[in-house]
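Structural overview for review
As a plain string of letters, each chain reads:
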Amino acid sequence: MRGLVLCALLGCWHTATAGGGWVSFWYYPPAYGGSDINATLDLLKRHEGVVTSVMLGCDHSVSAVGGVTAPSQTSLDLCTTTIAGLISSRVKPELVMGGSNITQLRQFFANADTNIDALVKIGRSLGATGWNLDMEPTTSVAADAKLYADFLRAAKPKLNAAGMRLTIATATWSPMLSDTALLAPQVDRVLNMETYNADSMSGWLNGDAVGGYYSKFVAPPTSHSKLGPGLGCWPAKCGPTPHACWSTTPASGPPRMARIVADGLPEVALFRIIQVPQRPDLQWPEEWWWPLLAKFAAGHN
């Protein structure tokens, strides 16, 4: 019932901004003790209609025995407050599930039925409209991608039936995450962490020392409808002699967004939104992003 009420309030997960693109942010309410929650919600209200969903890192993670570790009560309270604010602003609240130990991840996948039911239960209890699985194993092999795909194939229909979409974070540096063609059909969206930053347009397309590899991400046979490039929106530094990355400059935004639109990609996911008062270094995204995101959300690029 709660899922139906949320659909009425927010629009179901599969409905992006009418006629436009889906703009999502990652956000971690516990990161600064909740000091930036009100400012973050105020920022979203000032840009009403631009952001479709916010993926909340509330400290849900894979446990040592391959289950789900619940957040502390403090983290849970901060996230509950944030979710209420997002709903009031008609922004879809989604949850992030983390994990990096490959042994624990393999056990998590082996306990698929129990863990999927737990994700459904947790999502419903918090009023979430999606789960983003941020599984980043420090070691893995190609066979782990098959285990992950099998888990996702089982999870997606159950989460969708509960009014939640399923997204995953990927990158080429992990064998478990690098096979986009295998993973994408099992989820609602693949969000790429490696496209956050680069030191030139060529680097963003083809890869450089900072990241990029956009062209590889969108290469056949994966349907573009499944893909959402991640975009870094903090003042990142690049190079052996540290300097502001090209991707942090206003000139980098239009050509990247134009390419994303030309390729028909339905979503951009930004890492991350932070608004810590009295901290100019923690005012993300950089202001120049907002007009570009507004155009993408409105479908006017």
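Residues numbered from 1 in each chain as written. Predicted model: local features only at pLDDT ≥ 70, side-chain atom pairs only at ≥ 80, totals over all residues. Heavy atoms only, no water.

Concerning the overall build of the protein
Going by this rule: Counting from the N terminus, the helices are the DSSP runs of H or I reaching at least four residues and the strands are the DSSP runs of E reaching at least two. To get the radius of gyration, use the C-alpha atoms; to get the globule rule, take the number of residues to the power 0.38 and multiply by 2.2 Å. By definition, residues are in contact when any of their heavy atoms lie within 4.5 Å. Throughout, the Shrake-Rupley method with a 1.4 Å probe supplies accessible areas, and for residues the shown protein chains are the sole cover considered. Positive charge is attributed to Lys and Arg, negative charge to Asp and Glu, and no charge count is given to His or to the chain ends. The location of each charge is read from NZ of Lys, CZ of Arg, CG of Asp or CD of Glu.
For the protein, the helix and strand inventory stands at 11 helices and 13 strands. Over its C-alpha atoms the protein spans a radius of gyration of 18 Å, differing by no more than 12% from the 19 Å that the globule rule assigns to 301 residues. Considered along the principal axes of its C-alpha atoms, the protein spans approximately 45 × 40 × 35 Å. Sequence separation of at least 24 residues holds for 76% of the intrachain contacts in the protein that already meet a minimum separation of 6. When the accessible surface of the protein is totalled, it reaches about 12,100 Å², and 58% of it is carbon and sulfur. Taking the average location of the 22 positive side-chain charges in the protein and that of its 22 negative ones, the two points are 5 Å from each other.

Considerations on the nonpolar core
Here is the rule: Throughout this description, the term nonpolar core refers to a set of buried Ala, Val, Leu, Ile, Met, Phe, Trp, Tyr and Cys residues connected via side-chain atoms within 4.5 Å. The rule is simple: take the accessible area with a 1.4 Å probe, protein chains only, and divide by the maximum for that residue type; under 20% is buried, over 50% is exposed, in between is partly exposed.
Phe-25, Leu-133 and Tyr-148 are the most contacted members of the largest nonpolar core, which has 83 residues in total. Discounting chain neighbours no more than four positions away, the residues touching Leu-133 are Met-97, Leu-119, Tyr-148, Phe-151, Leu-152, Leu-166, Thr-167, Ile-168 and Ala-169.

Quick notes on the packing of aromatic side chains
Operational definition: Think of it this way: a Phe, Tyr or Trp ring, Trp meaning its six-membered ring, pairs with another when their centres are within 6.5 Å, and the plane angle makes it stacked under 30 degrees, edge-to-face over 60, tilted otherwise. Here, a charge over a ring is recorded when the distance from Lys NZ or Arg CZ to the ring centre is within 6 Å and its angle to the ring normal is within 35 degrees.
This model, assessed by the stated rule, comprises 14 aromatic pairs. Centroid distance Tyr-196 to Phe-271: 5.4 Å. Interplanar angle 20°. Geometry classified as stacked. One end of the pair, Tyr-196, is in the loop between β7 (189-192) and α8 (201-206); the other, Phe-271, is in strand β11 (residues 267-271), and 75 residues separate them in sequence. When its relative accessible area of 12% is taken as the criterion, Tyr-196 is described as buried. When the ring of Trp-234 is compared with that of Phe-271, the centres are 5.8 Å apart and the planes differ by 80°; the resulting orientation is edge-to-face. Linking Trp-234 in the loop between β8 (227-232) and β9 (237-238) with Phe-271 in strand β11, this pair joins segments that are 37 residues apart in sequence. Here the aromatic residues Trp-26, Tyr-28, Tyr-196, Trp-234, Phe-271 and Trp-284 are joined through ring pairs into a cluster of three or more. Against the face of Trp-204 rests Arg-256, its NZ or CZ located 6.0 Å from the ring centre.

Description of the state of the cysteines
Which entries qualify depends on this criterion: Throughout, a disulfide means two cysteine sulfur atoms within 2.5 Å of one another.
Counted according to the given criterion, the structure contains two disulfides. Between the sulfur atoms of Cys-58 and its disulfide mate Cys-79 the distance is 2.1 Å. Between Cys-58 and Cys-79, the disulfide has an S-S torsion of -110° and is therefore left-handed. Residue Cys-58 is found in strand β2 (residues 53-62), and its partner Cys-79 is found in helix α3 (residues 73-88); the two are separated by 21 residues along the sequence. By relative accessible area, which is 0% here, Cys-58 ends up buried. Judged by its relative accessible area of 1%, Cys-79 falls in the buried class. There is a disulfide in this structure between Cys-238 and Cys-245, and the S-S distance comes to 1.6 Å. Given an S-S torsion of about 100°, the disulfide between Cys-238 and Cys-245 has right-handed geometry. Across the pair, Cys-245 and Cys-238 agree in class, each one buried. Between Cys-233, a free cysteine, and Cys-245, which holds the nearest cysteine sulfur, the sulfur-to-sulfur gap is 13 Å.

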